[in-house]
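As a plain string of letters, each chain reads:
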Amino acid sequence: MSPSTRCVRARCALASAGSLSRRSFLSRAQFHRFNYRFKISSIGAALYLASAGAALAEQADGSADVVVSASRTAQVATQALPHTTVIDRDAIERSPASDLVALLQMQTGVSVSSSGAQGALMGVRIRGGEPRHTLVLLDGVPMNALSSGVPDLQALALANVERVEIVRGNVSALYGSQAVGGLVQIFTRKVTGNEASVRVAGGTHGQLQTSVQVSAGNDKVQATVGISHEQVKAVSAQKPEQTAQAGSQWSAPTSANPDKDAYRNNAANAHVRYRPNERHEFGVRLMHSDGKSDYDNAYSPSLTAIQYGNIRLQSVGLYANNQWNDVWRSAFTLSQYTDKSDDFDSAPGFGDGRSSFKTTTEQAAWQHTIDSRYGQWIAGASRMQQKLSSDTVYDNTQRNTNSAWLGYNLDAGAQHLQVNARYDGLTGMKAEYTGALHYGYDVADGLRVFGSYSNGFSAPNFNELYYPNYSNPNLQSEHANYAELGAQYASDHAGARFTLFETRYRDKIGLDKMTYLPMNIHRAKARGLEWRGWYQFNGWTLDAGWTYQSVKDCATDAQLLRQPKFLANLAIGRTWGKWSGSANWQVQSGSDDVGSQRVAGYGVLNLAAQYALRPNLTVGLTVGNLFGRDYQTIYGYNAMPRNALLSLAYKPKW
């Protein structure tokens, strides 16, 4: 490939402001090199004390009402000042979602872009932020690759997920870099007692899902181990007629291979904990996921070319939770997370069609919580080291982050206060200081008004800083200021929350029109209204919400790419006797995409039903995309078509 041709394709990818899949152009390798050069690294994000949070959640008997992400300590979800929701294991099993992507798409205010069906690369947007502005943690560890700054979230098996917590709005003062749009916190399976869970499911498009989880132990020592497998081959990742049309603007030689692209995943997890007494707990968590996904290359010189990527995720964590006295407790964690991707293209545009990228994240953190008569104090510090290994030669392959944070929570009658401050020191970058102030006042029983103000930052990734010939080592972090006002009503069985929010971004990383290199040149503003309501009583459950948002470039007043103006969701569930069922309807308005293309709006209906043959034996059926809607979240890429999955779940106890 000539330098000029390579430059044109790099410009095309960079014009997406970081929104494109790594498979949008030449190959997955070139995604790492070009397409996600505007994803922001989560390297400044300090370790969330996941093991401590999980233990706190377990003390509440797994209640979905308890969250730990909104303030780094356990609290009832409706009492959290930042808008926080939790999806527990029971909700996951009742949901019509077959993977993590579909599960997140069903949540209020969350927009997911995916470059194909199940197993395809995805990006999560919350309240007008870009995917690089959503911090994703797995058991407290940032999942983001050091090269691209984005996580391989699609490679995480839903069978290994215990619960998901979503915090909307900037939480950089709690978690550091990248959390300016929001937080997605994922917890792997936990110890549940002496029981097992076996599930087998099969369906259309070659869908097959199998999983086994076993927990056993006594009052002092307990362990959980699990394995899972899933596969599907539903649809071609790209629409050949659209990719040819879009690619013609950049002199694409041909279109994508129209064959169906498959996805396969094998995963395992383990959790062992030791409790010498009620005040102390020590444990280890292990997770391994090995996925293989086919993808399409719109620039391949052959219509029969084969492209696939292998993604291996591994996580190991040690933790100690200690209650030293009636007011002081601490949590220490030591963890390592690895994200390794190897890609192959049988007909590459240039090179040998192979690429390899591996990010290793090691971190240690220690947090202390003091409960006093004047409020709750939280103080902690962490050290994180990330290393990059790749067949691409970077000028720098390591970044260290030292972080310290302080929090104060007060519930005094009708008044509620949360104050957070944080320091992040990143190798080669300017030190960042962030803060947040949240206040709520109960004007009546169950009725609260609230407001907050905070600042945040996102550090540039190594593709933007050090990729050969297409980077800028002088880049600075992006910055944002966030504010919200709202009101919430919550009772034992129902509630609603209304929020007005605004985020002002400055120093946004964009492409310089003269040099085509990344620069801190843009300002943007995201503002909107969001409503969410819920109901649970007498066997009925309801969760509904909508978000209206305007996300614009301050210089041109143009709506940013892949930012829909309207999002809505409606989930209804019913349990009666041995039957249970649910329906989920998700709606998204159209949005502009790369190359002056337009993605049409859509509405998708998903159904699920279960019948208890015995108290521990259940048969289930899910139907996704019931009406077979042909829709897209990224122009030129297919979403999951209509699909059905029949399952059998067995849960013995002893």
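Residues numbered from 1 in each chain as written. Predicted model: local features only at pLDDT ≥ 70, side-chain atom pairs only at ≥ 80, totals over all residues. Heavy atoms only, no water.

A cluster of nonpolar side chains, contributed by Val198, Val200, Val212, Val214, Val225, Ile227, Tyr650 and Trp654, occupies part of the molecular surface with about 680 Å² of accessible area. When residues of the nonpolar patch are traced back to their parent elements, those giving at least two are strand E11 (195-203), strand E12 (208-217) and strand E13 (221-235). Residue Trp654 is classed as exposed on the basis of its relative accessible area, which comes to 56%. (Patch = residues over 30% accessible without salt bridge, like charges linked within 9 Å, V, L, I, M, F, W, Y side chains within 5 Å. Areas by Shrake-Rupley, 256 points an atom, 1.4 Å probe, with all protein chains shown as cover. Salt bridge = Lys/Arg side-chain N within 4 Å of Asp/Glu carboxyl O. Helix = DSSP H or I, 4+ residues; strand = E, 2+ residues; numbered from the N terminus. Buried < 20%, exposed > 50% of the residue type's maximum accessible area, 1.4 Å probe, protein only.)

Confidence along the protein averages 87 in pLDDT terms, with 88% of residues attaining 70 or more. Confidence over residues 1-64 falls short of pLDDT 50; this stretch has 256 contacts with residues more than four positions distant or in other chains. (pLDDT = per-residue confidence, 0-100. Contact = heavy atoms within 4.5 Å.)

This part takes up unusual backbone geometry. Residues other than glycine seldom take positive phi values, yet Asp507 does so here, at roughly 60°. Its location among the elements puts Asp507 in strand E25 (residues 494-511). The phi dihedral of Asn538 falls on the positive side, at around 55°, and the residue is not glycine. Tracing the backbone through its elements, the reader meets Asn538 in the loop between strand E26 (518-537) and strand E27 (540-553).

Glancing now at the environment of Val180. In this structure, Val180 sits in the loop between helix H6 (172-175) and strand E10 (182-188). A residue is classified by how much of its surface remains accessible, and Val180, at 3% relative accessible area, is buried. Each C-alpha atom, one on Val180 and one on Asn170, is 4.1 Å from the other, the two residues being ten residues apart in sequence. Setting aside its immediate chain neighbours within four residues, Val180 contacts His133, Gly169, Asn170, Ser172, Gly456, Phe457, Ser458, Ala480 and Tyr505.

A word on the sheet that holds strand E8 (residues 141-142). Read across the sheet, five strands follow the order E4-E9-E10-E7-E8 without closing on themselves; strand pairing throughout is mixed. Every interior strand has two partners, whereas the edge strands, strand E4 (84-87) and E8, have only one. Here strand E7 (residues 134-138) runs beside E8; their pairing, made up of two bridges, is antiparallel. Within the sheet, the bridge partner assigned to Leu138 lies in E8 and is Val141. (Pairing = 2+ DSSP bridges.)

On to the pattern of salt bridges. Close approach of charged atoms lets side chains of opposite charge pair. Across all of its chains, the model carries 25 salt bridges by this definition. Note that Arg189 and Glu162 form a salt bridge whose closest N and O atoms lie 3.2 Å from each other. Separated by 27 residues along the polypeptide, Arg189 in the loop between E10 and E11 and Glu162 in strand E9 (residues 161-168) bring together distant segments of the chain. Relative accessible area serves as the criterion here: at 11%, Glu162 is assigned to the buried category. Through salt bridges that share partners, Arg127, Arg168, Glu484, Arg497 and Glu530 make up one connected network.

Formed by 31 residues in total, the largest nonpolar core has its most connected members in Leu100, Leu104, Leu153, Val164 and Ile186. Those elements that place two or more of their residues in this core are helix H5 (100-105), strand E5 (110-114), strand E6 (122-126), E7, E9, E10 and strand E16 (307-323). The biggest single contributor to this core is H5, with five residues. Those residues in contact with Leu153 that lie beyond four places of it in its chain are Leu100, Leu104, Met122, Val124, Val136, Met143 and Ile186. (Core = buried A, V, L, I, M, F, W, Y, C linked by side-chain atoms within 4.5 Å.)

What follows deals with the side chain of Gln632. Within the secondary structure layout, Gln632 lies in the loop between strand E33 (617-624) and strand E34 (643-650). In this structure Gln632 comes out as buried when scored by relative accessible area, which is 10%. Ignoring sequence-local partners within four residues, the contact set of Gln632 consists of Lys239, Gln242, Val599, Ala600, Tyr602 and Tyr637.

Moving on, we come to the packing of aromatic side chains. For the structure shown, the criterion picks out ten aromatic pairs. Arranged with centres 6.0 Å apart and planes meeting at 75°, the rings of Tyr394 and Tyr467 form a pair that is edge-to-face. One end of the pair, Tyr394, is in the loop between strand E19 (375-390) and strand E20 (398-412); the other, Tyr467, is in the loop between helix H8 (462-466) and strand E24 (478-490), with 73 residues separating them in the sequence. The exposure class of Tyr394 is buried, given its relative accessible area of 7%. (Phe/Tyr/Trp six-rings, centres within 6.5 Å; stacked < 30°, edge-to-face > 60°.)

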